[in-house]
Every structure is written in C-alpha cells, then in structure tokens.
Amino acid sequence: MSVLNFPEHLNISPSKYPARELQLALDDGFDSGIFGNDAQRLAIQTYGIAGRIWKELELKEAAYSLNVYIDPSLNLEFEPPFIGSSRHVQDLVILELGSGTGFTTSRIAKLLKHRDIIIATDLPEFLRKSVQGGNQIYFPELFAPLLRTLLQLTSPPFNPEGGNEAVIISYKLRSLSKETPFWSSFGLWFEFKPVLVKDITSNRGEWDRFGSSSSADPVFVFVGHRRPESFSWEVPSDDSDLLGGRGAWGNDSLKSDDTFETLLFMSLDDIMYE
C-alpha cells in the first residue's frame, strides 16, 4: 500500500452526503452502504486517504460540487455545460484521475451512451477493490507528476493537435501558498476558466461563479484546454523545472502564469465566456 495514502498522524473520518446526492444515489438503485459512513470507515482503514469521499455538506468541498455540475437539477444551467453540443455528433472518452471510492464516476456513467467510454484510474492496490471511480487530494510533491500526466494525455497520440479535449478540475482552496505553484505552472500550458451557474427559476436569473456561494473555503470547477502553441514546446523531464515554468513559451527561463490569482479577485463580468 502506498505510504502517500497514509501520511503521518492521519486522522480522518467519513464525509456525509448532502441530501440531494444521497437521494440521487438511492434513485439510481445504489445501495446506500456503498458510499455511507460504515463503508467509508472501512475503506479509510484499508486505503487511507483514498477511502474517504473528500467532500462535505452543501458544496463545501470539491466532488459534491463536481457531481452537481455533471448532473444538475432542472433549475440549474451551467456555462460551459459538462456535456456540450458536440455530444450529439461525437462519442465521449472520459478519463478520471484518482477515482477513489467511485463517487464521481458512478454519476458520470449514468449519463453515457453505449458507445461512450469512461476510464477510472487510481493506485493499483486500490483499484483491485474499487473500480467505480471521484477522489483526489494532492500533496505538493505530486503537483509536477499531475501536470506531466495532464500534458501527456492532452498531447498526441491521445489527443491530436487542435483536438477538442477538456480538462475539468474540481478544486477546494485549502492552502493557497502550497497550491499556487501548481496553478502557476498549469496556466502556462492550459487556458482555463471557472464554470458559471445560473438558476433559471430565479427572478434574479444572473450568472454566478459556481461554488461562490460556499460559506467555507472557496470551491471552483475549472475547465481548461491546451494552449495551441504549447504543442511545440518541450516538456522538461525535471519536476522542479516543470513547476518553475521551464519549457513553456519555448524557452528555458523560469516563469509563471497568474491566471489563478487573477481569477480569485476578478469580477464576474471579466470571466464571462464568449
């Protein structure tokens, strides 16, 4: 078992379903024990961090927000939607990194057509027991491997230059100083914006950043695409060089992107999709 799943002084407990998520699970015929307290408690004992659903009540953490985005209630409209207009002419291939308990993949699978493909990934020892796919928690030492993986998956032969791949990241801000290096390097290679949401039954009827209503730490769902020019850049083999921006813009100088910091302070008008 990977020691990364059992950091020193690990002390976590099962998360709880928001009422809507629990009802969705029951409506779809799931045994509530699959993701319930007892199941998570046993999974935490066996798999550590990967055994917990890293989300709390009322969109306070990332995967509950992601599940609402994936399968919204009828009163919610998202921009961009999880499945866009190309859905009608193109089969989907969805890869989830760090599937954990299967919470998110189980929701996506209900929306797919028979020719669509979803691939759930996690540590080998964990997937031997759970292949249903939605948890990710990152340590700083994993930022570079994560970015490197995203670059590989959005490059040929997996994705042709000019392809219509999308990288969707559901993210709860926990430690800005630790997490900013990832976003500063991610933004060099990917253009990304937060998902917007509108309640179409509300008299207000205006767009808001999805997750902005959280009373806890900020929650974002980002949608990113490779910068077209980045396909010609050489990805450095050294992790510190990658996080330091070497290789981006076709040169070896240290650099960073400020998209993430800017989004934290921008007004809604500045991030509207065109």
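Everything here concerns the structure above.
We now turn to the structure provided with this report. (Residues numbered from 1 in each chain as written. Predicted model: local features only at pLDDT ≥ 70, side-chain atom pairs only at ≥ 80, totals over all residues. Heavy atoms only, no water.)

1. Some thoughts on the overall build of the protein chain
Next up, step 1: Counting its secondary structure elements, the protein chain contains ten helices and eight strands.
Next up, step 2: Here the protein chain holds 274 residues, and the buried ones make up 44% of them.
Next up, step 3: Carbon together with sulfur atoms contributes 53% to the accessible area of the protein chain, which is approximately 14500 Å² in total. (Helix = DSSP H or I, 4+ residues; strand = E, 2+ residues; numbered from the N terminus. Buried < 20%, exposed > 50% of the residue type's maximum accessible area, 1.4 Å probe, protein only. Areas by Shrake-Rupley, 256 points an atom, 1.4 Å probe, with all protein chains shown as cover.)

2. A look at the sheet that holds strand β6 (residues 196-199)
Next up, step 1: What the three strands build is an open sheet, ordered β1-β6-β7; its pairing is antiparallel. The strands lining the two open edges of the sheet, one partner per strand, are β1 (76-79) and β7 (208-209).
Next up, step 2: Alignment of β6 against β7, held across two bridges, turns out to be antiparallel. Each bridged residue has a counterpart across the sheet, and for L196 the counterpart in β7 is R209. (Pairing = 2+ DSSP bridges.)

3. Examining the packing of aromatic side chains
Geometrically, a pair of aromatic rings is defined through the distance of the ring centres and the angle of the planes.
Next up, step 1: Applying the stated criterion across every chain, the model contains 21 aromatic pairs.
Next up, step 2: Between F186 and F190, the ring centres sit 4.6 Å apart and the planes meet at 5 degrees, which makes this aromatic pair stacked.
Next up, step 3: Relative accessible area serves as the criterion here: at 0%, F190 is assigned to the buried category.
Next up, step 4: A connected cluster of aromatic rings, assembled from ring pairs, spans F143, Y171, F182, W183, F186, F190, F192, F220, F222 and F260.
Next up, step 5: Between R209 and the ring centre of F220, over which it is positioned, the NZ or CZ distance is 3.9 Å.
Next up, step 6: Against the face of F231 rests R226, its NZ or CZ located 4.5 Å from the ring centre. (Phe/Tyr/Trp six-rings, centres within 6.5 Å; stacked < 30°, edge-to-face > 60°. Lys NZ or Arg CZ within 6 Å of the ring centre and 35° of its normal.)

4. Focus on a nonpolar patch on the surface
Next up, step 1: Residues V93, L95, I117 and I119 make up a contiguous nonpolar surface patch of about 340 Å² in total accessible area.
Next up, step 2: Counting residues per element, the ones that place at least two in the nonpolar patch are β2 (93-96) and β3 (117-120).
Next up, step 3: Within the secondary structure layout, L95 lies in strand β2. (Patch = residues over 30% accessible without salt bridge, like charges linked within 9 Å, V, L, I, M, F, W, Y side chains within 5 Å. Salt bridge = Lys/Arg side-chain N within 4 Å of Asp/Glu carboxyl O.)

5. A word on unusual backbone geometry
Next up, step 1: Of the consecutive residues E79 and P80, the connecting peptide bond is found in the cis state with omega at -5 degrees.
Next up, step 2: By secondary structure assignment, the location of P80 is in the loop between β1 and β2.
Next up, step 3: Note the cis peptide between P156 and P157, where omega equals 5 degrees.
Next up, step 4: Residue placement: P157 occurs in the loop between α6 (143-153) and β4 (167-172).
Next up, step 5: One non-glycine residue, W249, lies in the positive phi region at around 60 degrees.
Next up, step 6: Here W249 shows up in the loop between α8 (239-243) and α9 (259-265).

6. Section: the environment of S256
Next up, step 1: Its place among the elements puts S256 in the loop between α8 and α9.
Next up, step 2: For the pair formed by S256 and F186, sequence separation is 70 residues and the distance between their alpha carbons is 8.8 Å.
Next up, step 3: Those residues in contact with S256 that lie beyond four places of it in its chain are S184 and L188. (Contact = heavy atoms within 4.5 Å.)

7. A word on the pairing of strand β5 (residues 190-194)
Next up, step 1: What you see with β5 is a clean split: F190, F192 and P194 sit on the buried side and E191 and K193 on the side with no burial.
Next up, step 2: The pairing of β5 with strand β8 (residues 219-226) spans five bridges and is classified as antiparallel. The partner of F190 across the bridge, within β8, is R226.

8. As for the sheet that holds β4
Next up, step 1: Across the sheet, which stays open at both edges, the three strands sit in the order β4-β8-β5 with antiparallel pairing between neighbours. Bordering the open sheet on either side are β4 and β5, each of which pairs with just one other strand. Pairs of neighbouring strands in the sheet enclose a mean axial angle of 30 degrees, with direction left out of account.
Next up, step 2: For β4 and β8, the ladder comprises six bridges, and the chain directions are antiparallel. Bridged to I169 within β8 is F222.
Next up, step 3: Relative to the sheet, helix α7 (residues 176-189) contacts β4, β5 and β8, its axis offset from that of β5 by approximately 120 degrees. (Axes fitted to C-alpha atoms, helices over the stretch in contact; angles between N-to-C directions.)

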